[in-house]
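Chains, contacts and geometry: an overview
Residues per chain, in single letters:
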Amino acid sequence: MQDDLRRQWEENAEFFASLIGNRGTPHHRKILNPCVDRLLGELSGKRLLDAGCGEGYLSRYFAERGARVTGVDFSERLIRNAEKLTSDVSVDYRVGDICELSALHEQSFDAVLCNLVILNVPCAQDAISEFYRVLDRGGILVMSIVHPAFDFYGPGEWEMGERNEDTGRREGLCFKMDNYFEEQTYERYWRSREGERFPEPITFFHRTISSYFDFLTTAGFEVTKLEEPVPVDKDPFFDRERRIPFFMVFKAVKSEE
Ligand SMILES: C[S@@+](CC[C@H](N)C(=O)[O-])C[C@H]1O[C@@H](n2cnc3c(N)ncnc32)[C@H](O)[C@@H]1O
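Below, the structure is looked at part by part. Note that the structure is a prediction, hence the values are computed from the model and not measured. (Residues numbered from 1 in each chain as written. Predicted model: local features only at pLDDT ≥ 70, side-chain atom pairs only at ≥ 80, totals over all residues. Heavy atoms only, no water.)

With that out of the way, let us pick up the sheet that holds strand S5 (residues 135-146). Spatial strand order, S3-S2-S1-S4-S5-S11-S10: seven strands in an open sheet with mixed pairing. Each of the sheet's edge strands pairs with one partner strand only, and the pair in question is strand S3 (91-95) and strand S10 (222-227). Each strand of the sheet is rotated relative to its neighbour by a mean of 15 degrees, with strand direction disregarded. Pairing geometry for strand S1 (residues 47-51) and strand S2 (residues 68-73), over five bridges, is parallel. Pairing of Arg-47 across the sheet is with Arg-68, part of S2. Taken strand by strand, helix H2 (residues 26-40) contacts S1, strand S4 (109-115), S5, S10 and strand S11 (247-253), and its axis lies near 10 degrees from that of S11. Packing against the sheet, helix H4 (residues 76-85) makes contact with S2 and S3, and its axis sits at approximately 165 degrees to S3. (Pairing = 2+ DSSP bridges. Helix = DSSP H or I, 4+ residues; strand = E, 2+ residues; numbered from the N terminus. Axes fitted to C-alpha atoms, helices over the stretch in contact; angles between N-to-C directions. Contact = heavy atoms within 4.5 Å.)

All right, on to the packing of aromatic side chains then. Evaluation of the coordinates by the stated rule reveals 19 aromatic pairs. Considering the side-chain rings of Tyr-153 and Trp-190, the 6.4 Å spacing of their centres and the 35 degrees angle between planes classify their relative orientation as tilted. Placement of Tyr-153 in the loop between S5 and strand S6 (156-163) and of Trp-190 in the loop between strand S8 (184-188) and strand S9 (202-206) is noted, with a sequence separation of 37 residues between them. Looking at Trp-190, the relative accessible area reads 17%, which means it is buried. If you follow Arg-65 out to its NZ or CZ, it ends over the ring of Tyr-61, 3.6 Å from the centre. For Lys-254, the ring lying beneath its charged end belongs to Tyr-132, and the centroid distance is 4.5 Å. (Phe/Tyr/Trp six-rings, centres within 6.5 Å; stacked < 30°, edge-to-face > 60°. Buried < 20%, exposed > 50% of the residue type's maximum accessible area, 1.4 Å probe, protein only. Lys NZ or Arg CZ within 6 Å of the ring centre and 35° of its normal.)

Here it is, written out as structure tokens:
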């Protein structure tokens, strides 16, 4: 299965990199990233692992702020893309599977960021246990996902009304959710900014919030924060995202002892 998943990201790599555009989508910039940044805290001089770094814009962002960043992704094309985009800061990019990080030493990081990756990974427990292993004592993990209780990749969907001429988005009438407890695998095609369909679908794993909580505590982490970030401003474009949460972010700590 892992080979099929890797192939999807390889085939989609150029489309994904151009969608991210070295700065993230409006949803990332206006909702998720400010929360992730705050939960990670001051990273200057600290060792950060960006697990599933994609085209690496967050690796670069934190490296520019003084962190010593290692970015790992199993898509070789995305890593090559990340390297091309990284000229004025230093990031140690590596091709690798986050479910098996034996190339990285134990206790060699102060922080791990796993941003919108674990919902694409079948071996979530393995990955989270690897994050625990590579973290130093007192180290932190910040892990974000699409909110599983409002999972429009999986069992949920918006019922939509008319298109709003001002925002270009369709009005959200209500969000429909069912079968939350069925942990399922879905495939979804993303679209470029121009509306062109990605060449390959992307596989998502719908899991409950309690499953993620269990993965973290089973690995040994103490979960210290659970956030459902809201848009940072009143932009009418994000009307739907002010009504139900789009993302969920966990902060977990490896004990000092
Ligand atoms: C939605 S993208 C997020 C990328 C990046 N974290 C960001 O915020 O832009 C998911 C990324 O996870 C990577 N990925 C998925 N499964 C992986 C695995 N098992 N090991 C390493 N990378 C993986 C994909 O190649 C892709 O770059």
